[in-house]
Amino acid sequence: MAKIADIIKYEGDNSTFIWKHPCEDFNSMTQLIVHESQEAIFFLNGEALDLLGAGRHTLETQNIPKIGKLINKATDGETPFHCEVYFINKAVQMAVKWGTDSKVRFIDPNFGIPLEIGACGEMNLAVSDSRKLLLKLVGTMHGIAWEENDGGFAKSIQNAFRPLISTAVKAHLSNAIRSNNINILEIDESLETLSEIMRRSIIGGFEEYGLTIPQFYITNIALPENDPNFKRMSELHTVSFQTRMIQAEALVKSAQADAEAEVTAARRKIEMERQLTETEVAKREAERDLIRAQADAQAAKMAGFAEAEIMSAKGYNQKDVLQAEVQKAYAEGLGNMTINGSGGVAGDMIGLGVGMAAAGAVAPQMSEMFKGFAPAMPTETPASETKCAKCGATLPANAKFCLECGEKVAPTVPADMIVCPECGNTVAKGKFCPECGHKFVTVCPKCGKDVVPDAKFCLECGEKL
């Protein structure tokens, strides 16, 4: 009689996916131990009953309803009963190797050269549905692993799924290379993309049997290194690569030249803007200087007009000023008159008249009074003889044009007279024009004070003009 087990636990290795416990006779109080990375399924009379997770389980009705009910019907709860238990390893099996059983035919889309390539790699495999895997793949075997020699099982997952992997890789690898525009000579750069495409193409076949593929890796694409066509394609690829390099270098140089041209143009633009700005600033400064000069001139003109207006408002002009000076001189002459026995009053009056006549007094009645008493003297200086500035001909007095050549003769201005630049009249020298009130101003270069026209010295600082 077989030994009746009191404790049931997993005794297989980690490479096993499903392992059947060798003991099939259990008491109703048998303890079942399931690890964290495992699940356990009970079979009674060929029927899969409860699926138990991690922990310690006692084979009784309260803990295992399906098994407990059957045990209570068949036994008194203490006698042994016949049952089978399978442990399913839920841990991810890492680096499970795979490979195609033959070459894959591939026609390069760029050169149209047919090639034969192979593929191999590794994948991570895990159980996703324990009951489905046990019922569909294991059946009544003692267990199953990836390879045949693992656990000594008669069947392996590798043998079961090799045709599925090989067929999926052959059917999708060439198309994946072409659809993703992958150069066969640079295929190592795209292994990650191809691996994901292959995983999606084969995962459905594994999930049908309760397995899943978390990761799938193509680690190597076997290229036909000794194939003459492949060698020729490699040479053409090298030439194409060199051509692309030359074109890229030319493009870089062109881009650098364009960038330098843009920088130069930007600098030229900045310089032109700077020069334009300086020109505008200078222009605006000149305009401001002109405006200030015009303002100063207008102010001076207005000051002259204002002074003339003030004099006019006071009731006198420059002529009145000159007349007042003459009257002052006349008064001083009267003060110098002496009454004595030698000359008498008549002599003093004669002397005063002579002085007034010599000074060119403007009181005509006084001149007439003393004309008879004054010594004989010319009352009017004959006009000096003038000559034409163009032809040298002698001109008569007060001539305005030359009788010989028709040249206009500039008017002769006496030394004590001045031509007013405002109204054009010849008037006596003074600070203002007696005709229009224009102010005759000469500015001292040293102290900046106004000076009487034709003055030789400044009355303020004595500067020689």
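Read on for a plain summary of the structure. (Residues numbered from 1 in each chain as written. Predicted model: local features only at pLDDT ≥ 70, side-chain atom pairs only at ≥ 80, totals over all residues. Heavy atoms only, no water.)

Quick look at the environment of Lys-103 now. Here Lys-103 lies in the loop between strand S9 (93–99) and strand S10 (104–107). Relative accessible area serves as the criterion here: at 49%, Lys-103 is assigned to the partly exposed category. Separated by 16 residues in sequence, Lys-103 and Ala-119 place their C-alpha atoms 8.0 Å apart. Apart from residues no more than four positions distant in its own chain, Lys-103 is found in contact with Glu-116, Ile-117, Gly-118, Lys-170 and Ala-222. (Helix = DSSP H or I, 4+ residues; strand = E, 2+ residues; numbered from the N terminus. Buried < 20%, exposed > 50% of the residue type's maximum accessible area, 1.4 Å probe, protein only. Contact = heavy atoms within 4.5 Å.)

Spanning 17 residues, helix H4 (residues 191–207) covers 24 Å between terminal C-alpha atoms, matching the ideal 24 Å at 1.5 Å per step. At Ser-201, H4 shows its strongest bend, of approximately 35°. The complete set of buried residues in H4 reads Leu-191, Leu-194, Ser-195, Ile-197, Met-198, Arg-199, Ile-202, Ile-203, Gly-205 and Phe-206. Where H4 is buried, its residues touch strand S11 (114–127), helix H3 (157–179) and strand S13 (211–222). (Expected span 1.5 Å × (residues − 1). Bend = angle between axes of the 7 residues up to and from the residue.)

This brings us to the sheet that holds strand S12 (residues 143–145). Spatially, S5-S4-S8-S2-S12 is the arrangement adopted by the five strands of the open sheet, whose pairing is antiparallel. The sheet is open, and its two edges are formed by strand S5 (47–52) and S12, each paired on a single side. Put simply, the sheet's adjacent strands are angled 20° from each other on average, direction ignored. (Pairing = 2+ DSSP bridges. Axes fitted to C-alpha atoms, helices over the stretch in contact; angles between N-to-C directions.)

Remark: the centre distance and the inter-plane angle together describe each pair of aromatic rings, the angle taken between the planes. Tallied over the entire structure, the rule returns seven aromatic pairs. Relative to Tyr-86, the ring of Phe-43 lies with its centre 5.4 Å away and its plane at 70°, an arrangement referred to as edge-to-face. Taken together, the residues Phe-43 in strand S4 (residues 38–44) and Tyr-86 in strand S8 (residues 84–89) connect sequence positions 43 residues apart. The exposure classification of Phe-43 matches that of Tyr-86, with both residues buried. (Phe/Tyr/Trp six-rings, centres within 6.5 Å; stacked < 30°, edge-to-face > 60°.)

Further remarks concern the pattern of salt bridges. Summed over all chains, the structure comprises ten salt bridges. Between Glu-285 and Arg-288 there is a salt bridge, and its shortest N-O distance comes to 2.3 Å. Note that Glu-285 and Arg-288 are positioned in helix H5 (residues 228–314) at a spacing of three residues, about one turn of the helix. Here Arg-288 falls in the partly exposed class, since its relative accessible area comes to 38%. When salt bridges with common partners are traced through the structure, they connect Glu-196, Arg-199 and Arg-200 into a single cluster. (Salt bridge = Lys/Arg side-chain N within 4 Å of Asp/Glu carboxyl O.)

Taken by themselves, the reported measurements are silent on function.
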